[in-house]
Amino acid sequence: MTDQRFRNAAGGRIDRSRPLTFQFNGRRYDGFGGDTLASALLANGVRLVGRSFKYHRPRGIVAAGSEESNALVQLGTGARTEPNVRATQAEMHDELSAASVNCWPSVEVDVGAINSALAAFLPAGFYYKTFMWPPRAWRFYEWFIRRAAGLGRAPTEPDPDRYEKTYAHCDVAVVGAGPAGLAAALAAGRVGARVILADESSEFGGSLLGEAATIAAAPALDWVAGAMAELAALPEVRLLPRTTVFGYYDHNHLGLIERVTDHLGPRTDTTLPRQRLWKVLARQVVLATGAIERPLVFDDNDRPGVMLASAARTYANRWAVRAGDRAIVVTNNDSAYPAALDLSEAGVNVQAVIDARETPPDAWREPLRVRGIDLAAGRTVAAALGRKRVEGAEVYELAADGSRLIGAARCYDCDLIAVSGGWSPTLHLFSQSGGRPRFDAGIAAFVPGESRQAERSVGAARGTFSLAGCLAEGFAGGAAAALACGFGDGVAPPVPATGDTPAGPLRPLWRVPTAGHGGKAFVDAQNDVTADDVELAAREGYRSVEHLKRYTTTGMGTDQGKTSNVNALAILADLTNATIAEVGTTTFRPPYTPVTYGALAGRSVGDRFDPVRMTGLHQWHEAAGALFEDVGQWKRPWYYPRRGETLHQAVARECGAVRASLGIVDASTLGKIDIQGPDALKLLNLVYTNAWDNLEVGRCRYGLMLKEDGMVFDDGVTARLGPNHYHMTTTTGGAARVMGWLEEWVQCEWLDMRVHFTSTTTHWTVVAIAGPNARRLLAELCPDIDLESAAFPFMAWRDGTVAGIPARVFRVSFSGEQSYEINVPSSCGVALWQVLMTAGAKYDITPYGTETMHVLRAEKGFVIVGQETDGTTTPQDLGMDWIVSKKKTDFIGKRGLTRADCGRADRKQLVGLLPENSKDTLQEGAQIVAEIRPKPPMPMEGHVTSSYWSAALGRPFALALLMGGRARHGQTVAVSSYGTTSWAKVVPPIFWDKEGERLRG
Amino acid sequence: MHLIACPWCGPRDEVEYAYGGEGHIARPARPEALSDGAYADYLFMRRNPKGVHAERWVHAAGCRRWFNVLRDTVSHRILAVYKMGEPRPEAGP
Amino acid sequence: MVEPYLRQSPLDHLSLDARAVGDPGGAGVVAGERRFIAKVSLRGDPADPAFAAGAKTALGFAPPVAPNTVDGKRDRYALWLGPDEWLVVGAPDTQDKTVAALRAALAGCHAAVTDVSEGRTIIRLTGAHARDVIAKGCPIDLHPRAFGPGRCAQSRYARALVILHQLDEAPTFDLHVDRSFADYLWRVIEDASLEYGFAVVAEPVMAALKRRRTPQGQD
Ligand SMILES: [Zn+2]
């Protein structure tokens, strides 16, 4: 336990009635409700919080918000640990635990700090230059780089938390709830617009939380409280605190991450999510994202204790924390003056304000004098002293052109150097929206240029830094955005009086001349990029800011260069004698701050990751002990093992049952499309390769579909239900594809074709019974269909009843046996199946799965689209020239088939394979090679597409695509897989009932 | 993340749509009369412009209608939406 | 048709009846399955006078031509699904009658009438957080200014395709879903409802809840 030596007894927005304890690097500390990890660490006097990325230099807290570049911590432990959390955004909860990243064994003694001594050998582009050669060594280098780099560790256990995702819609989305954002939300909300107001902090108020400003002659936070109460009472306004708008995407889509319960700490009750990802579609967006203070670039400006002036001020005002005992405030603009005064008010001994400007505005002299703070004009800090924390500062007079230091240093004894290099509007979301920033020399910063989407920036985000200006722009922007959505009259509400002190111009100061004793001046502290690195890049010829960024890695850390971007390109401009406007700025990309994978995944995890489609018979299959196979999103029974059976044994038994007596299979997943219309026949003739004109009502026919390039696309049986009415079936996997394909042709190409398609795939449960006893069983249950072959031949269908259930029965066969596919309304599927199982018991009716189905069809040489074909297979390749009409003038794919390539004799063609070793089942996917060599490469001539052990043949067999295969029947080929070679004889691709007597009988 | 206005259903989220590639590519009236090269042009060759692109989309998870879109491939702005069979409008601003 | 006790709806395996409550109390999301509702796909050109007249004769009302709207009567109504496509929804097991009536009235027109009753089921959702739970998976804006009773939309919920139909201002929604996705959709919705409180109701309670709120509207 420690005292909170740097915490004031009164003031701030913390809850002193809620004391909390937390751990940092294994030590326990006290804090209060309302703290962040950063404010609590500072309250306890912890200055050294981490090590830097490349040089492992000691680092402290520099900011008070999401722009923090140094204080990244590993938050939490075990499955809930989260790397790279900004301590400034980690809300304090009881028993919070955090640790420094980038240091081993401890933050105080870090082995990697040797890199700091080797810094001369680690300049910009070091990785690119050093690790490129020899190419094979990269894997070796990578191992070291990955261990040395990386900020923090990813958890290795499953995430125990719940994350939600939601869509949301609004008229006006306001990003940022500082004075401008609150004003915009008020203006839009009052006139009835649907408003979403999001702010990344736990409290609304933005900069007002850290300042001692007044609005309407009262504390500004009173105005904030009033605004919050009013907004909360508006029914169409949604307030989202702790919510970062991390991305601005096309067409006014915003990505938001709401930290719903992070501030409560780890919980066992996960009724509420940890975080919620919002996908917001906004008709208008108001960007009130504020501005980020820039650090100053001077020697050893990364020492713990160098802090942004606004941050030091915010710690004093919002959290009653003194960021140091003895401070100097260094600035080039007015905003640090109230910071100095507030620090002094909070009890920090502010020795001096060091202002680079020769003549600071007179307005500040008297307030400083009253508080006993010196004012040193025309001067700046050139070096920080101390290592693990600031112990002093060297201050010099600055030449009029800023190019050199004049005279001797004055050394200040201080532990806090509060700096302000001016302010940069937070343009990340504007940039992500497609907008191009424009340089405003007046404030020496980029401001939003022309809008590319329905958005507008207001307040500090647009370079307007006065409170009065922020309120005025917020009100006006909110009113205008609401009007654009049809609400209100666009007139902004009146702006209350504020106590602004008019600000004078700033003196741009990008790189303080070096004090000359070897310190490092950091531009990008997170990625350890120094001003020297930028200079080196410029010397080596990098002129484009995008190249500079990638070469030096400036701005490429997890903070995306929030504090470093403008300094880096200003230095580059200086070195290349260009203006900053000419150099331009890099493009910001989402996310603004890191987003957890959990939030991106949401609830699409586990069994919700992808839908599991189940047929109406699924529960029966489960109860019967079936193992399932994934076919697309469908679960299909794979096989039904009896006790102790292997796959091989079960499939042999199932196959034997079908060939000898009777099997039953769930065929419901086959795609089904109802086709109606006077042009239905014309359509079939165009999408199938064969002719359909003479198909009678009551009959069905097998068809093959090609794509325009002539390659096989899908297949199935289509039945003629009436003169203009057909029932098409497709493969299981092709159901949606074929439906979409037909619609595309009819809607986009053949606009006059009078035909309608309706998917009926799941309307029907389809149960196929197959085997020599199929007709006998059906006859018992089906009194109203004449099943004799003469009346109901192969490739016909009949309507009737089966077991009292209205049914459409198709006499088709995928097994080569006598077979009937019984289609019944899906709700009756289980009833049908159970009756068939009961009545079929005397024939030892045997349920079979996809594996047996595949064996049976392969014995017959029936292909499966997607298994025997791969998008480069023609009907001729499959030996199915018989199904390609020579008479039809046109069908899809006809022209493609006449390309010379399709006629090549050495195309891969479907063959059967019989392995010479009768115990040797070939690997599906194995390559057929022309000659066996000791090791690859070997010339490949084809591959095995299907391979099984056949109970009927008593041996293994396979189907394969083999170059010139049809002319090679009788040859022996080598089949190579995983280093083993098998020999197989090439045979015609049919192994069972070659005359087809069994299925017609 | 696009917001696309189906000609029938109005503006809907991109997740409801499927992209169908370049629009206004008519199937040749007599494919057999084309050379292999000309047929390959129809099958495979696409303009892929930087800028305004006429393309077709289908409201796959909605009304299942195909329609045409003029979209700027740089800004992703949608300049026009029109039904199948309608001529390509002048590219707007 | 087969004996009712032998028939199974797509969600029967979840034993929803055993979980059903008579009074959903404070549950923010109240759900149930509407089993065996008749659903007939109707296709045709509403600009064809013969089709329009035939459809009106058979149904007793003209199928709506305004996109994504619903029109009809309490026991039989039509959802606009496309410029030439409707889903005619009716009381359980009335599909054969509807198909026969439409086919008879539309004989001679280019139209398609197809029974699709068994291919989909309906999950009914109501409760104070019904909109919130739908927003978690579906990009449609259901705010009363953008949607309302008598409106329908085809869209997605998570990874399933759904037809949404708002019945009243309670609000009550019917989600039509393919039977093979019904188990997935139910589980995803129940999961998404966790933070609001979830109750299952059986069909009579569903109907009673609805009648209490709105005397009119489709059922
Ligand atoms: Zn649509």
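Only a predicted model underlies this, so the values are computations on that prediction, with no experimental measurement involved.

Enquirer: Sorry, what's going on with the packing of helix H7 (residues 309-319) of chain A against helix H8 (residues 336-345) of chain A here?
Expert: Angle between the axes and distance between the axes: these two values describe a pair of packed helices. Residues and elements named next belong to chain A. Remark: H7 packs on H8, axes separated minimally by 9 Å, with the N-to-C direction vectors making an angle of 35°. The crossing of H7 and H8 is left-handed. Taken together, the residues of H8 that come into contact with H7 (itself represented by Ala-309, Ala-312, Arg-313, Ala-316 and Asn-317) are Ala-336, Pro-338, Ala-339, Asp-342 and Leu-343. Its residues assigned to classes, the contact of H7 with H8 shows seven nonpolar, one polar and two charged.

Enquirer: Got a minute to help me understand the coordination of the zinc ion in this structure?
Expert: Angles at a metal have ideal values that depend on geometry: 109.5 degrees with four tetrahedral donors, 90 or 180 degrees with six octahedral donors. All names here are of chain B. Distances from the zinc ion to its protein donors, Cys-6 (SG), Cys-9 (SG), His-59 (ND1) and Cys-63 (SG), fall within 2.0 to 2.4 Å. Viewed at the metal, the four donor atoms of the zinc ion are separated by angles of 104 to 117°, and the geometry they form is tetrahedral. Of note, the donors binding the zinc ion are all from one chain and are spaced C-x2-C-x49-H-x3-C. A relative accessible area of 14% means that Cys-9 is categorised as buried.

Enquirer: Can you walk me through H7 of chain A in this structure?
Expert: Because each turn of an α-helix spans 3.6 residues, side chains separated by three or four positions end up pointing in the same direction. All names here are of chain A. Taken across its 11 residues, H7 has 10 buried, putting it largely inside the fold. On its buried face, H7 sits against helix H1 (37-43), strand E16 (291-293), strand E17 (306-308), H8, strand E24 (416-420) and strand E25 (423-425). One or two residues past the end of H7 sits Ala-320, with phi positive at roughly 55°.

Enquirer: Looking at this structure, I do not really get the packing of aromatic side chains. What am I missing?
Expert: To describe a pair of aromatic rings, one takes the distance between the centres and the angle between the planes. Taken as a whole, this structure holds 23 aromatic pairs over all chains when the rule is applied. For the pair Tyr-688 of chain A and Trp-692 of chain A, a centre-to-centre distance of 4.7 Å together with 20° between the ring planes defines the contact as stacked. According to the relative accessible area criterion, Tyr-688 of chain A is buried, its value standing at 1%. Ring centres of Tyr-19 of chain B and Trp-57 of chain B lie 5.1 Å apart, and the angle between their planes is 65°; on these two criteria the pair is classed as edge-to-face. Of the two residues, Tyr-19 of chain B sits in strand E3 (residues 18-22) while Trp-57 of chain B sits in strand E4 (residues 52-58), which places them 38 residues apart along the sequence. Residue Tyr-19 of chain B is classed as partly exposed on the basis of its relative accessible area, which comes to 42%. In this structure Trp-57 of chain B comes out as buried when scored by relative accessible area, which is 7%. In this structure an aromatic cluster arises from ring pairing among Phe-713, Trp-741, Trp-745 and Trp-750 of chain A. Just above the ring of Tyr-39 of chain B sits the side chain of Arg-895 of chain A; from NZ or CZ to the centre is 5.2 Å. We note Arg-7 of chain C situated over the ring of Phe-36 of chain C; from NZ or CZ to the ring centre the distance is 4.1 Å.

Enquirer: For this particular structure, what's the right way to read the interface of chain B and chain A?
Expert: Interface size, as often reported, equals the accessible area lost upon joining of the parts. In this assembly, 27 residues from chain B lie in contact with 27 residues from chain A. Taken together, the two surfaces of chain B and chain A that pack against each other cover about 2400 Å², and 51% of this comes from carbon and sulfur. Summed over the three residues of chain B that lose the most area to chain A, namely Met-1, Arg-27 and Trp-66 of chain B, the buried surface amounts to 33% of that side. Summed over the shared surface of chain B and chain A, the number is five salt bridges. Among the salt bridges present, the one from Glu-744 of chain A reaches Arg-56 of chain B, with a minimum N-O distance of 2.7 Å. Here chain B and chain A share 17 residue pairs in polar contact (both at pLDDT 80 or more) between them. Counting residues per element, the side of chain B that touches chain A draws most heavily on helix H1 (residues 36-44) of chain B, which supplies five residues. Partitioning the side of chain B that touches chain A into residue classes produces 14 nonpolar, five polar and eight charged.

Enquirer: Quick question: what am I supposed to make of the domain arrangement of chain A here?
Expert: Residues and elements named next belong to chain A. Per the domain assignment, the segments of chain A are domain 1 (15-148), domain 2 (163-291 + 425-484), domain 3 (295-421), domain 4 (519-592) and domain 5 (904-1001). The gap between the C-alpha centroids of domain 3 and domain 4 is 25 Å. If you look at the interface, domain 3 gives eight residues, while domain 4 gives nine residues. Overall, the association of domain 3 and domain 4 removes approximately 670 Å² of surface from exposure, summing both partners, and the carbon and sulfur fraction of that is 57%. The largest contributions to the domain 3 side of the interface with domain 4 come from Pro-295, Val-297 and Asp-302, which together make up 58% of the buried area. Our enumeration of links across domain 3 and domain 4 arrives at zero salt bridges. Grouping the amino acids of the side of domain 3 that touches domain 4 by side-chain chemistry returns four nonpolar, one polar and three charged.

Enquirer: Explanation requested: the pattern of salt bridges in the structure shown.
Expert: When the charged atoms of two side chains with opposite charge come close together, those side chains can pair. This model, assessed by the stated rule, comprises 77 salt bridges over all chains. A salt bridge links Arg-145 of chain C to Asp-171 of chain A; the nearest nitrogen and oxygen atoms lie 3.8 Å apart. Placement of Arg-145 of chain C in the loop between helix H4 (130-135) and strand E8 (152-157) and of Asp-171 of chain A in strand E8 (residues 163-175) is noted, with the two residues assigned to different chains. Judged by relative accessible area, which is 4%, Asp-171 of chain A ranks as buried. In this structure, Asp-178 of chain C engages Arg-613 of chain A in a salt bridge whose closest nitrogen and oxygen atoms are separated by 3.9 Å. One end of the pair, Asp-178 of chain C, is in strand E10 (residues 172-178); the other, Arg-613 of chain A, is in the loop between helix H16 (597-601) and helix H17 (618-623), on a second chain. Residue Arg-613 of chain A is classed as buried on the basis of its relative accessible area of 17%. The structure contains a network of salt bridges with shared partners spanning Arg-162, Glu-164, Glu-258, Arg-276, Arg-603, Asp-607 and Arg-608 of chain A together with Lys-136, Asp-191 and Glu-195 of chain C.

Enquirer: What should I look at first to understand the sheet that holds strand E5 (residues 66-72) of chain B in this one?
Expert: Remark on secondary structure: sheet strands pair via backbone hydrogen bonds, oriented parallel or antiparallel. The strand order across the open sheet formed by four strands is E3-E4-E5-E6 (chain B), and the pairing between neighbours is antiparallel. The open sheet terminates on both sides in strands that have one partner only, identified here as E3 and strand E6 (78-83) of chain B. Averaged over all pairs of adjacent strands, the angle between strand axes in this sheet comes to 30°, irrespective of strand direction. Relative to E4 of chain B, E3 of chain B runs antiparallel, the two being bridged by three bridges. Of the residues in E4 of chain B, the one forming a bridge with Glu-22 of chain B is Glu-55 of chain B. Contacting E4 and E5 of chain B, helix H20 (residues 735-748) of chain A crosses the sheet at an angle of about 80° to E5 of chain B.

Enquirer: So what exactly am I meant to see when it comes to the interface of chain A and chain C here?
Expert: Contacts between the two partners involve 51 residues from chain A, matched on the other side by 44 residues from chain C. The contact between chain A and chain C buries some 3900 Å² in all, and 53% of this surface belongs to carbon and sulfur atoms. Put simply, Asp-191 of chain C and Arg-162 of chain A hold a salt bridge, and the shortest N to O gap is 3.3 Å. Put simply, the parts of the chain that give the side of chain A that touches chain C at least two residues each are E8, strand E34 (671-676), strand E38 (756-759) and helix H22 (829-839) of chain A. Sort the elements by how many residues they give to the side of chain A that touches chain C and E8 of chain A lands first, with six residues. Of the residues belonging to the side of chain A that touches chain C, the class tally is 18 nonpolar, 19 polar and 14 charged.

What counts, and at which threshold
- The residue count restarts for each chain, going from 1 along the sequence in the order it is written.
- Think of it this way: whatever chain is written first is A, whatever ligand is written first is 1, and the rest follow in order.
- Given that the model is predicted, a residue must reach a pLDDT of at least 70 before its local features are reported, and side-chain atom pairs must reach 80 or more before they are shown or counted; all residues, however, enter totals for whole chains, interfaces and linings.
- Note that the side-chain values use all heavy atoms of the structure and ignore hydrogens as well as water.
- Between the N-to-C directions of two axes lies an angle of 0 to 180 degrees, each axis being a line fitted to C-alpha atoms and, for a helix, fitted only over the stretch in contact.
- Starting at the N terminus, helices and strands are each numbered in turn, a helix being any DSSP run of H or I of at least four residues and a strand any DSSP run of E of at least two.
- Handedness of each helix crossing follows the sense of rotation of the near helix against the far helix: counterclockwise by less than a right angle gives left-handed, clockwise gives right-handed.
- Here, residues are in contact when the closest pair of their heavy atoms is within 4.5 Å.
- Amino acids are sorted into nonpolar (Ala, Val, Leu, Ile, Met, Phe, Trp, Tyr, Cys and Pro), charged (Asp, Glu, Lys and Arg) and polar (every other residue, Gly among them).
- Listed donor atoms are N, O and S within 2.8 Å of the metal (Na, K and Ca: 3.2 Å). As water is not included, a site may look incomplete.
- Here the metal geometry follows the donor angles, with tetrahedral for four donors whose angles all fall between 85 and 135 degrees, square planar for four and octahedral for six when opposite donors are more than 155 degrees apart and every other angle is between 65 and 115, and irregular for all the rest.
- Burial classes follow relative accessibility: with a 1.4 Å probe on protein chains only, a residue under 20% of its type's maximum area counts as buried, one over 50% as exposed, and anything between as partly exposed.
- Pairing of aromatic side chains requires ring centres within 6.5 Å, counting the rings of Phe and Tyr and the six-membered ring of Trp. Pairs whose planes differ by under 30 degrees are stacked, by over 60 edge-to-face, and all others tilted.
- As a reminder, the over-ring test applies to NZ of lysine and CZ of arginine, requiring each to be within 6 Å of the ring centre and within 35 degrees of the ring normal.
- Throughout, buried area stands for the accessible area (probe radius 1.4 Å) lost by two parts on being put together, summed over both.
- A pair is scored as a salt bridge if a Lys or Arg side-chain nitrogen falls within 4 Å of a carboxyl oxygen belonging to Asp or Glu.
- Side-chain atoms alone can form a polar contact between residues adjacent in sequence; in general such a contact is a pair of N or O atoms within 3.5 Å, and within protein one must be able to donate a hydrogen while the other accepts it.
- Source of the domain bounds: an automatic or database domain assignment.
- Strands were regarded as paired on the criterion that DSSP finds at least two bridges between them.

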